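Structure at a glance
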Amino acid sequence: MIICLFLPGKLKFYRKNPGRVYLYFIKTSGGVSLAFPLPPSQRLLMLPLCKGAVAGCAPIFVADVDLTSCIGKNVVCEKATTAVDSFKMVAAARYYPQLLSIMGNTLRFLPAFVAMRKLLVEGYVGEIQVCDVRVYGPSLLDQSYGWTCEELMGGGGLHIVGSAIIDLLSYLTGTRAHRVHGLLRTFVQQKNLIRGIRRITSDDFCFFQMLMGVNGSAGVCCTVTLNFNMPGSFVHEVMVVGSTGRLVVRGTQLYGQRNGSKEEELLLGDNGWAGPEVKEMPLPYLQGLSSMVKALRQSFQAHEERRSWEWGPVCSAPTFEDGLYVQTVVEAVKRSNSSGEWVCVEVMSQEPDPNQNLCEALQRNKN
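For every chain, the first residue of the written sequence is number 1, and numbering continues from 1 along that sequence. Predicted model: local features are reported for residues with pLDDT of at least 70 only, side-chain atom pairs are reported and counted for 80 or more only, and whole-chain, interface and lining totals are derived from all residues. The basis for every side-chain value is the complete set of non-hydrogen atoms in the structure, without hydrogens or water.

**Focus on the overall build of the protein**
Note the threshold: Put simply, DSSP marks the helices as runs of H or I at least four residues long and the strands as runs of E at least two long, and each gets a number from the N terminus on. Only the protein chains shown count as cover for residues, and all accessible areas are computed by the Shrake-Rupley method using a 1.4 Å probe.
Summing up its helical and strand segments, the protein has 8 helices and 16 strands in all. As presented, the protein carries roughly 18900 Å² of accessible surface, and 54% of it is formed by carbon and sulfur atoms.

So this is what it looks like as structure tokens:
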């Protein structure tokens, strides 16, 4: 688990390794050194010197870190494991509405998708009718057994990549899904270093459909195919088809074609990636991450007070409420896979009672 803390002087990182004990030293701008034994996350996040946190860790750890971070801190975090955890994060962020609380979906900041959304608003494709997404690539599993192998810990193509696609489609169309239908499969259940009593439960193939619209109207039909059994180059394609044309982002390039035109035109090319290559992160997500970091820097540079920020540069970032919606759709797709039927998407407005079954049993005995 890696957490980045905003502290005076320098940007500090620390890593938490289970079963090992370290001392982490943080030197502030005043020359004071602070040392903490593991686990230091809550202690560091509660420091007055800490102005914010960026949590990039396994989904199962996100809720615990963010619930602590939301206490008077600016927070940028990854997706949680369940909708209940996402709702807790939303409730915690509402105590400090003036502070930054956003999800780390980097695709919203990719220049190709920023340009696509602008053209959609301007009416390039007319009335949006269909969205089609294809993401093909190699396995998402780690070499050894870990959280990526377990569905309940947030592993699988639907949770890792599908959640970003669900949020992206909502951002592009300006609507939300109200009914979904999905299919999940785990074709690789064991591999070289994951065998014996270990079984992989996370999905490596996912196909789901969404009916999206305003106030329950099925205005946009979306299909998403995720396949992570494909060796070779990574394929990432998002297409939006409307009444007068279509737009498609392949990798980091934007293409468009109007009805009546014989061929598509390049609307936004790839200027080339000048940064380092990261094997574990495909180029669209890496460039989106770079753009998000630049937007965050612009947002905080406008104010001398470290807790103050400017809304403009990060106005397209997904909020914790968006994260709750995305996680609700993910769980609806999983329920559809189990039942084989279309499932309605209902975002929770209050945290469910963990003792609901016990309360119902006591009520029946009382009657």
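**Brief notes about the confidence of the model for the protein**
For the record, the criterion: The pLDDT value tells you how sure the predictor is about a given residue, anywhere from 0 up to 100. Should any heavy atoms of two residues lie within 4.5 Å, those residues are considered in contact.
With 74% of its residues at a pLDDT of 70 or more, the protein shows a mean pLDDT of 80. Low pLDDT, under 50, characterises residues 5-39; the stretch is placed with 74 contacts to residues that sit more than four places away or in other chains.

**Notes on helix 5 (residues 157-173)**
The following threshold applies: Each residue after the first adds 1.5 Å to the expected span of a helix. A residue's bend is the angle separating two fitted axes: one through the seven residues that end there, the other through the seven that start there. Each residue's exposure class comes from its accessible area (1.4 Å probe, protein chains only) as a fraction of the maximum for that residue type: buried when under 20%, exposed when over 50%, partly exposed otherwise.
Its 17 residues place the ends of helix 5 23 Å apart at the C-alpha level, agreeing with the 24 Å of an ideal helix rising 1.5 Å per residue. Along its length, helix 5 shows its largest kink, about 30 degrees, at Ser-163. Within helix 5, 16 of the 17 residues are buried, which leaves it mostly tucked inside the rest of the structure. Downstream of helix 5 by a residue or two, Gly-174 has a phi angle that is positive, lying close to 70 degrees.

**A short note on the packing of aromatic side chains**
Defined as follows: Each aromatic pair joins two rings of Phe, Tyr and Trp (for Trp, the six-membered one) with centres within 6.5 Å, and gets the label stacked for planes under 30 degrees apart, edge-to-face for over 60, and tilted for any other angle. Criterion for a charge above a ring: Lys NZ or Arg CZ within 6 Å of the ring centre, and within 35 degrees of the ring normal.
Applying the stated criterion to the full structure yields 1 aromatic pair. Above the ring of Tyr-145, the side-chain terminus of Arg-198 is found at 4.1 Å from the ring centroid.

**Some remarks on the pairing of strand 10 (residues 205-213)**
This is how the line gets drawn: Here the rule is simple: two strands pair whenever DSSP picks up at least two bridges between them.
Summarising burial for strand 10: 7 of the 9 residues are buried, a large majority. In this sheet, strand 10 lies alongside strand 9 (residues 176-185) in antiparallel orientation, the contact comprising 9 bridges. Paired with Val-180 across the two strands is Met-210, which belongs to strand 10. Direction of pairing for strand 10 relative to strand 11 (residues 220-227): antiparallel, over a ladder of 8 bridges. Bridged to Met-210 within strand 11 is Cys-222.

**Considerations on the sheet that holds strand 13 (residues 245-250)**
We count it as follows: In this description, a line fitted to the C-alpha atoms serves as the axis of each element, helices being fitted only across the stretch in contact, and the angle between N-to-C directions of two axes falls anywhere from 0 to 180 degrees.
Across the sheet, 9 strands lie side by side as 15-14-13-12-8-11-10-9-16; this open sheet has mixed pairing. For this open sheet the edge positions go to strand 15 (265-268) and strand 16 (343-344), each flanked by a neighbour on one side alone. With 8 bridges connecting them, strand 8 (residues 128-136) and strand 12 (residues 235-242) associate as antiparallel partners. Across the sheet, residue Val-133 finds its bridge partner in strand 12, namely Val-238. Sheet strands in contact with helix 4 (residues 111-122) are strand 8, strand 12, strand 13, strand 14 (253-258) and strand 15, and its direction is about 170 degrees off that of strand 13.

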